[in-house]
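In case you want the letters, here they are:
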Amino acid sequence: MINRELIDPKSIVVVGGSNNVHKPGGRLVRNLLDGKYKGELYVVNAREDDVQGLKSYHSVHDIPDTEMAIVSIPGPSCPEAIDVLANQKNVKAFIVVSAGFGEETHEGALLEDQMLATVNEAGASMIGPNCIGLMNTKFHGVFTQPIPEFHPDGVDFISSSGGTALFIIESALTKGLRFSSVWSVGNSKQIGVEEVLEYMDRHFDPVLDSKIKMLYIEQIKNPDKLLYHASSLIRKGCHIAAIKAGSTESGKRAASSHTGAIASSDSAVEALFRKAGIVRCFSREELTTVASIFTLKEVKGKNCAIITHAGGPAVMLADALSKGRLNVPNLEGPIAAELKSKLYPGAAVGNPIDIIGTGTPEHLATAIDYCENHFEEIDLMMVIFGSPGLVKLYETYEVLHKKMEECKKPIFPVLPSIVTAGPEVRSFVKKGHVNFSDEVTLGTALSRVINTPKPMSTDIQLYGVNVPEVRRIIDQLPSNGYLAPEQVRTLLGAANIPLVEEFTSTDKDELIAFAKKVKFPVVAKVVGPVHKSDIGGVALNIRSEEHLLFEFERMMRLPDVTAIMVQPMLKGQELFLGAKYEEGFGHVILCGLGGIFVEVLKDVSYGLAPLSYDETYSMIHSLRGYPIIKGTRGQKGIDEQQYADIIVRLSTILRFASEIKEMDINPLLATDRGLFAVDARIRIEK
């Protein structure tokens, strides 16, 4: 639980405070004093009478009643101190920075349990243990440096790791990013990342609260809670950027299908973030760059103008934007010619707009004005302006400051000369701006922001799915493992997923009769082995009865084969569709192009069941191979609506059949007559 005493305590005791500011207890006291904490501040130190000008109590038994305790003493001493503080001194909030608990030993975990029981019984809050603390606009309850500038409209930052939090703060400070609060949750014994988000969501004030959240997460303990409160905050007008570290596979992975080989715990994180609308980042620089983007005016399109006095960085930025599927449109025609006439000879206006190295502040203002008022196709501007060390840039950056205030279109300042023009950059940042010193990092981060979808609906789309029939089929299945082909067809049929005609038998005459009915050419596949191709259990383009008879006799001699399946030989674009159950998250849906795209390139998108149509289209559009789905170079595209229908229906099946742990539809073939599931495997665990 999070209470008022944890966020805005009227009195604080530092247990273990000292005069040595190079130790956690001493630095805690110093940070609270330097941060001008306005409440009553007490210190407990058994050997000191005075700590940094404050009276020191020799025992927790001696202090007055206090609202918050920050505990920085050896781990084995913590439970007893917390018991006294909670039950005798009415402490309702604890920050335990001490380490040596469950992160190290079993005995330490037992101490943690003891502290948690005491805190819960007293109806108190606890951050930690094994954390750097908590700081906000009210108090700086941490033992570390640096202490960032705090402002009500700064960033709320929640971190699983204290050390990593410091490095992220350092990265943020170089950009001018301000903070509203920093939460280091450590072992998260009572309060973790999810609980902090829950509190921020339930108590959100759209006028007073920060609308930007940064998360560094090492473990998602409650995916549903994270999804619910993150998406709720985003719907309320917030922006959330997050790193999920430790994305290696957890537990034993079944690699008996493409889905099993590709899907991992990281797939579930990707799907969860997509559904919530969280911008996923993969480095400290990317995280703080995305958060800095959130401080600027909202981007409402993908068309970027690059204004610069140096060609190289502009070209690199244009490349980064294009790779991120953003546009740097060519500017031409009478308006472009008019702008060019107002700049020095040699300037270029095609986009990037290069005002050249001798361009003046007035030239910069003119270029910005044209992008704001005359080039209607432009949605945002990026201004790259540094110094070769020969001029002072105060006037130029003052122009940039005024234009960022005046213009309706967002302007992204890229001021790379943080050494040669350090004072000028700092002066610009002090006006409340951020600075993106590296243009490629900015381009990549902006692409992530714009391509991240809004929070998705969790409503289940029932249209076209016979849910009672799905449950009846699952309930009738006698055992675990892969379903027989006829069971797979029955289950997919209940979801109205189109199936290619097929016939399975051990009788060669029956198979030949079916092949003649659907007309040659046909495909023959073995039934029984999971990896059919690996043992030569698939034969394509069979054009005659003799050829089919030959393949039948050959395949029936292969190990573990129980029957032969025959299907008509269809032509079209191969698509892939799969699902994998991830403990705690539910079913992760995978979609993409089939063949080499899934086997070699791993070009797949992830979503978390149940899927809405908006989420499904976002998955499809995010594929690198999407131009093939759409149709490119004279090739006809596939029926995207039907592909989305099938993906949504599959996700609906999975919400009502949690027994399905793994599923492949590969290929899902897009033909002139529509999409058909050609081969499918489903593994269940009851």
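Residues numbered from 1 in each chain as written. Predicted model: local features only at pLDDT ≥ 70, side-chain atom pairs only at ≥ 80, totals over all residues. Heavy atoms only, no water.

- The protein is annotated in an unreviewed UniProt entry as CoA-binding domain-containing protein of Parabacteroides gordonii MS-1 = DSM 23371.

## Looking at the overall build of the protein
Then step 1. From N to C terminus, the protein includes 24 helices and 29 strands.
Then step 2. Its C-alpha atoms give the protein principal-axis dimensions of roughly 100 × 75 × 35 Å.
Then step 3. In the protein, which comprises 686 residues, the share counted as buried stands at 57%.
Then step 4. Put simply, 70% of the contacts in the protein that link residues at least 6 apart link residues at least 24 apart.
Then step 5. Summing over all exposed atoms, the protein offers an accessible surface of approximately 29100 Å²; the carbon and sulfur share of this is 50%.
Then step 6. The centroid of the 72 positive side-chain charges in the protein is displaced by 2 Å from the centroid of its 84 negative side-chain charges. (Helix = DSSP H or I, 4+ residues; strand = E, 2+ residues; numbered from the N terminus. Buried < 20%, exposed > 50% of the residue type's maximum accessible area, 1.4 Å probe, protein only. Contact = heavy atoms within 4.5 Å. Areas by Shrake-Rupley, 256 points an atom, 1.4 Å probe, with all protein chains shown as cover. Lys, Arg positive; Asp, Glu negative; His and termini not counted. Charge placed at Lys NZ, Arg CZ, Asp CG, Glu CD.)

## With respect to the layout of surface pockets
Then step 1. Volume-wise, the largest pocket comes out at about 1200 Å³.
Then step 2. As for the largest pocket, its lining consists of 37 residues, of which Glu270, Arg274, Arg325, Asn451 and Ser622 are closest to the centre.
Then step 3. Counting residues domain by domain, the lining of the largest pocket receives three or more from each of domain 2 (147–294) and domain 3 (302–443).
Then step 4. Estimated volume of the second largest pocket: approximately 1000 Å³.
Then step 5. Contributing to the lining of the second largest pocket are 39 residues, with Gly176, Arg178, Gly432, His433 and Val434 lying nearest its centre.
Then step 6. Sorting the residues of the lining of the second largest pocket by element identifies strand E10 (150–159), helix H5 (162–175), helix H14 (394–406) and helix H15 (422–430) as the ones contributing at least two each.
Then step 7. Sort the elements by how many residues they give to the lining of the second largest pocket and H15 lands first, with five residues.
Then step 8. Built from parts of two domains, the lining of the second largest pocket gets at least three residues from each of domain 2 (147–294) and domain 3 (302–443). (1 Å grid on protein atoms, 1.4 Å probe; cavity = no way out; pocket = protein on both sides within 12 Å on 5 of 7 lines; lining within 4 Å. Points joined across faces, edges and corners; volume = space filled by probe spheres on them. Domains from an automatic or database assignment.)

## What to know about the domain arrangement of the protein
Then step 1. Each assigned domain of the protein is listed with its residue range as follows: domain 1 (1–129), domain 2 (147–294) and domain 3 (302–443).
Then step 2. With centres defined by C-alpha atoms, the gap from domain 2 to domain 3 works out at 31 Å.
Then step 3. At the junction of the two partners, domain 2 supplies seven residues and domain 3 supplies eight residues.
Then step 4. Carbon and sulfur atoms supply 71% of the area buried between domain 2 and domain 3, which totals about 640 Å² over both sides.
Then step 5. Three residues stand out in domain 2 for area buried against domain 3, namely Lys175, Thr289 and Ile293, and they jointly supply 54% of the buried area on that side.
Then step 6. Our count for the contact surface shared by domain 2 and domain 3 stands at zero salt bridges. (Buried area = accessible area lost by both parts, 1.4 Å probe. Salt bridge = Lys/Arg side-chain N within 4 Å of Asp/Glu carboxyl O.)

## Details of the packing of helix H13 (residues 361–373) against H14
Then step 1. One way to put it is that H13 packs onto H14 with a least axis distance of 9 Å and a crossing angle of 20°. One way to sum up the angle between H13 and H14 is to call them roughly parallel. Seen from above, H13 lies across H14 with right-handed handedness. Here Pro361, Glu362, Leu364, Ala365, Ile368 and Asp369 of H13 lie close against H14, whose contacting residues are Glu395, Thr396, Val399, Leu400 and Lys403.
Then step 2. Here the contact of H13 with H14 is composed, by residue class, of six nonpolar, one polar and four charged. (Axes fitted to C-alpha atoms, helices over the stretch in contact; angles between N-to-C directions. Parallel < 35°, antiparallel > 145°, perpendicular 65-115°, else oblique. Left-handed = near helix turned anticlockwise from the far one by under 90°. Nonpolar A, V, L, I, M, F, W, Y, C, P; charged D, E, K, R; others polar.)

## A closer look at H14
Then step 1. Its 13 residues place the ends of H14 18 Å apart at the C-alpha level, agreeing with the 18 Å of an ideal helix rising 1.5 Å per residue.
Then step 2. Listed in full, the buried residues belonging to H14 are Thr396, Tyr397, Val399, Leu400, His401, Lys403 and Met404.
Then step 3. The inward-facing, buried residues of H14 abut H13, strand E17 (380–384), strand E18 (411–414) and H15. (Expected span 1.5 Å × (residues − 1).)

## Regarding the packing of helix H6 (residues 193–202) against helix H7 (residues 223–235)
Then step 1. It is at 9 Å that the axes of H6 and H7 come closest, and there the two elements cross at 35°. Crossing geometry of H6 relative to H7 is assigned as left-handed. For the pair H6 and H7, contact is made by Glu194, Glu195, Leu197, Glu198, Met200, Asp201 and Arg202 and by Lys225, Leu226, Tyr228, His229, Ala230, Ser232 and Leu233, respectively.
Then step 2. Within the contact of H6 with H7, the residues separate by chemical class into six nonpolar, two polar and six charged.

## Thoughts on the packing of aromatic side chains
Then step 1. Per the stated rule, a full pass over the model turns up six aromatic pairs.
Then step 2. The aromatic ring of Tyr581 is capped on one face by Lys661, whose charged end is 3.9 Å from the ring centroid. (Phe/Tyr/Trp six-rings, centres within 6.5 Å; stacked < 30°, edge-to-face > 60°. Lys NZ or Arg CZ within 6 Å of the ring centre and 35° of its normal.)

## With respect to the pattern of salt bridges
Then step 1. If you walk through the whole model with that rule in mind, you get 30 salt bridges.
Then step 2. As a salt-bridge pair, Glu149 and Arg178 come within 3.8 Å of each other at their nearest N and O atoms. Of this pair, Glu149 sits in the loop between strand E9 (140–142) and E10 while Arg178 sits in the loop between H5 and strand E11 (179–184), and the two are 29 residues apart along the sequence.
Then step 3. Note that Lys403 is salt-bridged to Glu406, the shortest N-O span being 3.7 Å. One end of the pair is Lys403 and the other is Glu406, both in helix H14 and three residues apart, which spans about a single turn.
Then step 4. Taking the relative accessible area as the measure of exposure, Lys403 reaches 12% and is therefore buried.
Then step 5. Shared partners join several salt bridges into a network, and the residues in it are Glu195, Glu198, Arg202 and Lys225.

## Remarks on the environment of Met126
Then step 1. Structurally, the position occupied by Met126 is in strand E7 (residues 125–127).
Then step 2. By relative accessible area, which is 0% here, Met126 ends up buried.
Then step 3. For the pair Met126 and Val434, spaced 308 residues apart in sequence, the C-alpha to C-alpha distance is 34 Å.
Then step 4. When residues no more than four places from it in sequence are discounted, the contact partners of Met126 are Phe94, Val96, Met115, Leu116, Val119, Lys189, Gln190 and Ile191.

## Section: the nonpolar core
When a protein is soluble and globular, its nonpolar side chains tend to lie buried together.
Then step 1. Phe157, Phe179, Met214, Ile307, Ile353, Ile368 and Phe412 are the most contacted members of the largest nonpolar core, which totals 77 residues.
Then step 2. Summarising the domain contributions, this core has at least three residues from each of domain 2 (147–294) and domain 3 (302–443).
Then step 3. Filtering out sequence-adjacent residues up to four positions away, Ile353 remains in contact with Ile306, Ile307, Thr308, Leu331, Leu339, Ala348, Ala367 and Cys371.
Then step 4. Core analysis: the next-biggest nonpolar cluster, separate from the first, contains 56 residues, Leu28, Ala276, Val598 and Leu608 among them. (Core = buried A, V, L, I, M, F, W, Y, C linked by side-chain atoms within 4.5 Å.)

## Topic: the sheet that holds strand E16 (residues 353–354)
Then step 1. Read across the open sheet, the four strands follow the order E16-E15-E17-E18; overall the sheet is parallel. The open sheet has two free edges, formed respectively by E16 and E18, since each of these has just one partner strand.
Then step 2. Sheet topology note: the E17/E18 ladder contains four bridges and is parallel. Bridge pairing links Met381 to Ile411 in E18. (Pairing = 2+ DSSP bridges.)

## Thoughts on unusual backbone geometry
Then step 1. The step from Gly128 to Pro129 runs through a cis peptide bond, and the omega angle for that step is 0°.
Then step 2. Residue position: Pro129 is located in the loop between E7 and strand E8 (133–136).
Then step 3. With an omega of 5°, the peptide bond between Asn666 and Pro667 qualifies as cis.
Then step 4. Among the secondary structure elements, Pro667 is positioned in strand E27 (residues 660–671).
Then step 5. Phi is positive for Asn496, which is not a glycine, with a value near 60°.
Then step 6. Along the chain, the position of Asn496 falls in the loop between helix H18 (485–494) and strand E20 (503–505).
Then step 7. If you check the backbone angles, Lys519 has positive phi at about 80° while not being a glycine.
Then step 8. With respect to the secondary-structure elements, Lys519 resides in the loop between helix H19 (508–518) and strand E21 (522–527).
Then step 9. A residue is classified by how much of its surface remains accessible, and Lys519, at 61% relative accessible area, is exposed.

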